[in-house]
Amino acid sequence: MTPTRPPGRPAGDLISPAQNTWCPGCGNFSIEHMMKSAIAELSEEEGIPLENFVIVGGIGCHGKLTDYLNVNSFYGIHGRSIPAATGICLANPDLKIICHVGDGDIYAEGLDHLIFAAKRNSDITVVVHDNRVYGLTTGQYTPTSPTGFKGRSTPGGITEHPINPLELMLAAGATHIARGYTKKVRHLKDLFKEAIMHRGFSFIDVLQICATYFNLTDYYNAHAYELAEGEVDTGRFESALGKIREWDYDREAPIALGTFYSVERPTYEEKFQALTAGRPDRRALVRKVIEERR
Amino acid sequence: MGEYSVLIGGKAGEGINTAGLSIAALFSRLGYRTYMYFDYPSLIRGGHNFAIIRASARAIGAHRTPVDVLLAFDQNSIDNHRERIHSGTTVIYDASQVVEAEGYGLPLDTILNEEKAPRITGNSAMLGALARVAGIGREVLEDVLRESVPAKHLDANLRVAGRGYDGADRVFSVEPLGGPALPVLTGNEVTGLGLVHGGLESYVAYPMTPTSNVLHFLANHAEGLAIKVLHPENEISVILMALGLAYAGEKAAVGTSGGGFCLMTEGLSLAGMAEIPVTIVMGQRPGPSTGLPTYTSQADLHFVLNAGQGEFPRLVVAPGDLDETYAWSATALMLSWKYQVPSIVLTDKTLAEGAFSFDIDAVAPHPDQEPVLWDGTGEYRRYARTGGGVSPLAFPGREGAVVKANSYVHDEAGFTTEAVDETIRLREKMLEKGESLSRELAGYPVVRSYGERNAGATIVCWGSEKWACIEAAEKLGARVVQPLVLAPFPTRAFKEAMIGAGRVACVENNATGQLARLLRQHGFEPGRSVLKYDGRPFAVDELEARLAEVFS
């Protein structure tokens, strides 16, 4: 996968030369291209330098995106993108930090970090590649697989219910919650742009088809619809909750796509910035602390 | 006498630790060097806590069994310490609690009632009585209280201390030494300050004894030291946040103990593969699992040397006192950045929560080190293969650079690869970096020795056992050799230090002789192991007796 040409920088040419190894028909292609476009457009429209974008990935098919986009990246480990992203944001709040995570990656192994980042209102964007199956480990169930799902580790079908990640995020304190679908690419791109520009913790669950292990294209096409203007009051918890509960990732129901909730609250990183501002002589400060103890 | 030992004991929640520090301050005020060992079970109220404060004209870092003064808030504080009482011991006790004792009984209930003072001021009565017994002037006592007690409680404490002072008689006289009054700090505090000296900008930790106080101390001084102090949801998050901070250019350290370090090992491996600097303060306590949470141990040496999957270079340092803690915490952080490797400052409860007189002017700081930064020319490659295995750093936000950190095997630009040649080149780059670090360390005091080279007997030790060994060695006419860096192991310096070692004993706070095992791995014969594994550090006299058997 060694790139054969140097990384190019112009906006719109953000695909790296790394060889792509996703399966044909994978939903990740939509996410990759819409993320690329979102970054390029935000850079042009909002004047955000391309070098200020950072992609953070975990482990799974989604993680390969860190290689495929020619922007700063931190290709981390399973479930741990979010604390790394929070650290990056603490060090440099000017950066636009986008965690690309998988549903197994973040709802299983990394769930505590996800909840706490929402609770803290860390100024990061989390894009969940929710294909509701473990792809790279060849087809086991995930926290959002529907009841009865037969995977390689659960051949008899699972008896547990999927979690509704949007409901979980609303309860945890996320300040921006949306859902997208990989077959609705333009809509997806707009959701990305909106989430990245949101100041605070933004969360997008992307219904992503897995062409090899769990292709829900027909199901999603039959049920998904875009939220109309004013259909949900995004500033009201109860309004968002009602719409979020319309579909529980299990039973047959209409599947709303769009932004469910978006409010402004102080971010986690804000209060820390003053502490390290300027370049103080810390050794003099050490002396002072010791002298106070005499 | 020239040196004094005082024990203060009572129930948890009575402020024994604080009282011990005030006692240390009392001696410090007179120019003495002090050391305090604090012993407490894992409970919040009740049980039995005690502190032994030793004061001497010379630097010390260990306690002895016998004490000159015993201050007892309850019967346990006498019954549990009978072996410490000798003919010269003065006992001062709370006559309202203790039923059977000989010495000065202070009726604390009556005193506190009459002075309308809160229960916690009982400590000041004990401090007052101690001052009187030790022939220390009332003005010195009041001075120490003025500095340690918040203004609104000062009057009550002064009144109660006065009652304690009047309730005893002078037994001996602690002569002022005329030296400077050195501040008394704990290993945890000095670890934090050393990290800041080394360039720390953020400290991230989840509470765990015995390093919680690094977190508390730095959080209390976050503004004063201009650092960020963060307490996230668990240790996994702690180390990942630190790696995120470092990736984005900010120097970060984390603190924990064995159990938390278990959770950090995946982040440690990530730091190794992605070549992201991080400093881990690892305060040992007895394991496995929860073990003895508030006691001490040196049983995690091989854990920290081998933690994480795969192979990658790391720096492991084990300071033995405050001077070394200050210098090596700073150096661990600086070398971590220079070589982009994880570094571990290995302490233990004895050092971390022990209090010592600290003379920062006597610390010989190690040289400053700077990370290798990208010069901005050409195309940036995060893992560029340069001489020495160290790739120049750039951070996200830097114009003209795409900074790709990667936990996967990666090429020079940071793109994932599974190619044979790239895998080999990456592995060799990491090994080369370890070699460079090893060469750099040859210029540092990585192995220290004390005593005459022709002593004929040598005590090898590491970490907090250093000072008990130095004192025991003086008594027995032996030499002490203390490796301070345990990875990469300083083979040459250790070999040099062991020339003419004679009979060798290896002193450790564990049950299997972990340093001895490490020495054998590097081709050295560690001699006889002298081990203590009850969760308590060696008292000097106890160690002397154990070593006398080995060297006789």
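As the structure is a prediction and not an experimental result, all values here were calculated from the model.

1. A few points about the domain arrangement of chain B
All names here are of chain B.
Link 1 in the chain: Along its sequence, chain B is organised into domain 1 (3-166), domain 2 (186-362) and domain 3 (447-551).
Link 2 in the chain: Using only C-alpha atoms to locate each centre, domain 1 and domain 2 end up separated by 32 Å.
Link 3 in the chain: At the interface, 14 residues of domain 1 touch 12 residues of domain 2.
Link 4 in the chain: A combined buried area of about 1100 Å² lies between domain 1 and domain 2, and 46% of that area is made up of carbon and sulfur atoms.

2. A few points about the sheet that holds strand 15 (residues 404-406) of chain B
Link 1 in the chain: With respect to topology, nine strands assemble into an open sheet ordered 7(A)-8(A)-5(A)-6(A)-4(A)-3(A)-1(A)-2(A)-15(B), the strand pairing being mixed. Both outer strands of the open sheet, strand 7 (224-226) of chain A together with strand 15 of chain B, are each paired with one neighbouring strand and no more. Looking at each pair of strands side by side, their axes are set apart by 20° on average, direction ignored.
Link 2 in the chain: The pairing of strand 1 (residues 53-57) of chain A with strand 2 (residues 72-75) of chain A spans four bridges and is classified as parallel. Each residue of the ladder has a partner; that of A:V54, found in strand 2 of chain A, is A:N72.
Link 3 in the chain: Sheet strands touched by helix 10 (residues 235-247) of chain B: strand 1 and strand 2 of chain A together with strand 15 of chain B. Its angle to strand 2 of chain A, the strand with the most contacts, is close to 155°.

3. Digging into the state of the cysteines
Link 1 in the chain: Enumeration over the complete set of coordinates arrives at zero disulfides over all chains.
Link 2 in the chain: With no disulfide of its own, A:C23 has A:C26 as its nearest cysteine by sulfur position, at a separation of 6.3 Å.

4. Describing the interface of chain B and chain A
Accessible area lost upon the coming together of the parts serves often as the stated size of an interface.
Link 1 in the chain: Each partner contributes to the interface: chain B provides 65 residues, whereas chain A provides 53 residues.
Link 2 in the chain: Summed over both partners, the interface of chain B with chain A buries about 5100 Å², with 60% contributed by carbon and sulfur atoms.
Link 3 in the chain: Among the residues of chain B in contact with chain A, B:K228, B:E233 and B:F415 are the three that bury the most area, contributing 12% of the side total.
Link 4 in the chain: Where chain B meets chain A, there are five salt bridges.
Link 5 in the chain: Here B:D361 and A:R287 are joined by a salt bridge, their closest N and O atoms 2.7 Å apart.
Link 6 in the chain: If one sorts the elements of the side of chain B that touches chain A by residue count, helix 10 of chain B sits on top with eight residues.
Link 7 in the chain: Each residue belonging to the side of chain B that touches chain A can be placed in one class, and the counts come to 37 nonpolar, 12 polar and 16 charged.

5. Describing empty space enclosed by the protein
Residue and element names in this part refer to chain B.
Link 1 in the chain: In total, this model carries four cavities of 30 Å³ or more according to the counting rule given.
Link 2 in the chain: Volume-wise, the largest cavity comes out at about 80 Å³.
Link 3 in the chain: The wall of the largest cavity is formed by 13 residues, among which A246, Y247, I276, R382 and L393 lie closest to the centre.
Link 4 in the chain: Residues that form the lining of the largest cavity fall into these classes: 11 nonpolar, no polar and two charged.

6. Thoughts on the UniProt feature "domain: Thiamine pyrophosphate enzyme TPP-binding" (unreviewed entry) in chain A
Link 1 in the chain: In the numbering used here, UniProt assigns the "domain: Thiamine pyrophosphate enzyme TPP-binding" (unreviewed entry) feature to residues 58-206 of chain A.
Link 2 in the chain: In the segment residues 58-206 of chain A, helix accounts for 36% and strand for 19%; the C-alpha atoms at its two ends are 16 Å apart.

7. Comments concerning the pattern of salt bridges
All names here are of chain B.
Link 1 in the chain: Scanning all chains against the criterion turns up 52 salt bridges over all chains.
Link 2 in the chain: With a closest N to O distance of 3.4 Å, K475 and E544 form a salt bridge. One end of the pair, K475, is in helix 16 (residues 466-476); the other, E544, is in helix 19 (residues 540-551), and 69 residues separate them in sequence.
Link 3 in the chain: On the basis of relative accessibility, which here comes to 8%, the residue E544 falls in the buried class.
Link 4 in the chain: Note that K532 is salt-bridged to D534, the shortest N-O span being 2.9 Å.
Link 5 in the chain: For K532, a relative accessible area of 9% gives the class buried.
Link 6 in the chain: Taken together, the shared-partner salt bridges in this structure form one network comprising E3, R54, R64, E471, K475 and E544.

8. Things to note about the environment of A:R80
Link 1 in the chain: Within the secondary structure, A:R80 sits in the loop between strand 2 and helix 3 (81-91).
Link 2 in the chain: Accessibility expressed as a relative area gives 5% for A:R80, which makes it buried.
Link 3 in the chain: With 21 residues separating them along the chain, A:R80 and A:V101 place their C-alpha atoms 9.2 Å apart.
Link 4 in the chain: Beyond its immediate chain neighbours, meaning those up to four positions away, A:R80 contacts A:E109, A:G110, A:D112, A:H113, B:I236, B:L240 and B:E266.

9. Brief notes about helix 15 (residues 420-441) of chain B
Along an α-helix, residues three or four apart share an orientation, since each turn contains 3.6 residues.
All names here are of chain B.
Link 1 in the chain: Compared with an ideal rise of 1.5 Å per residue, which puts 22 residues at 32 Å, helix 15 spans 32 Å between its outermost C-alpha atoms and is within 8% of the ideal.
Link 2 in the chain: When helix 15 is considered as a whole, its buried residues turn out to be E422, L426, K429, M430, K433, G434, S436, L437, E440 and L441. The buried residues of helix 15 occupy an angular sector of 160° when the element is viewed end-on, so they sit on one face. In helix 15, the exposed positions that point more than 90 degrees away from the buried face belong to V420, L431 and R439.
Link 3 in the chain: Residues of helix 15 that are buried sit in contact with helix 11 (258-274), strand 12 (315-317), helix 13 (322-339) and strand 19 (485-487).

10. Digging into the UniProt feature "domain: Pyruvate/ketoisovalerate oxidoreductase catalytic" (unreviewed entry) in chain B
Link 1 in the chain: Per the UniProt record, the feature "domain: Pyruvate/ketoisovalerate oxidoreductase catalytic" (unreviewed entry) sits at residues 12-166 of chain B.
Link 2 in the chain: With 41% helix and 20% strand, residues 12-166 of chain B has its two end C-alpha atoms placed 27 Å apart.

11. Remarks on helix 5 (residues 138-148) of chain B
All names here are of chain B.
Link 1 in the chain: Every buried residue belonging to helix 5 is among V140, L141, V144 and L145, and all of these are buried. Angularly, the buried residues of helix 5 cover 135° about the axis, an arc narrow enough to put them on a single face. The outward face of helix 5, more than 90 degrees from its buried face, is lined by the exposed residues E139 and E147.
Link 2 in the chain: Among the structural elements, helix 1 (16-29), helix 4 (122-133) and helix 6 (151-166) are those in contact with the buried residues of helix 5.

12. Regarding the environment of A:G200
Residue and element names in this part refer to chain A.
Link 1 in the chain: Along the chain, G200 falls in the loop between helix 7 (185-197) and strand 6 (202-207).
Link 2 in the chain: Note on G200: relative accessible area 0%, which makes it buried.
Link 3 in the chain: Once the C-alpha coordinates of G200 and T267 are considered, the two residues, 67 residues apart in sequence, prove to be 5.4 Å apart.
Link 4 in the chain: Apart from residues no more than four positions distant in its own chain, G200 is found in contact with N121, S122, D123, I124, T175 and T267.

What counts, and at which threshold
- Residues numbered from 1 in each chain as written.
- Chains lettered and ligands numbered in written order.
- Predicted model: local features only at pLDDT ≥ 70, side-chain atom pairs only at ≥ 80, totals over all residues.
- Heavy atoms only, no water.
- Domains from an automatic or database assignment.
- Contact = heavy atoms within 4.5 Å.
- Buried area = accessible area lost by both parts, 1.4 Å probe.
- Pairing = 2+ DSSP bridges.
- Helix = DSSP H or I, 4+ residues; strand = E, 2+ residues; numbered from the N terminus.
- Axes fitted to C-alpha atoms, helices over the stretch in contact; angles between N-to-C directions.
- Disulfide = S-S within 2.5 Å.
- Salt bridge = Lys/Arg side-chain N within 4 Å of Asp/Glu carboxyl O.
- Nonpolar A, V, L, I, M, F, W, Y, C, P; charged D, E, K, R; others polar.
- 1 Å grid on protein atoms, 1.4 Å probe; cavity = no way out; pocket = protein on both sides within 12 Å on 5 of 7 lines; lining within 4 Å.
- Points joined across faces, edges and corners; volume = space filled by probe spheres on them.
- UniProt positions renumbered as here; feature names shortened; annotations may be inferred.
- Buried < 20%, exposed > 50% of the residue type's maximum accessible area, 1.4 Å probe, protein only.
- Expected span 1.5 Å × (residues − 1).
- Arc of directions from axis to C-beta.

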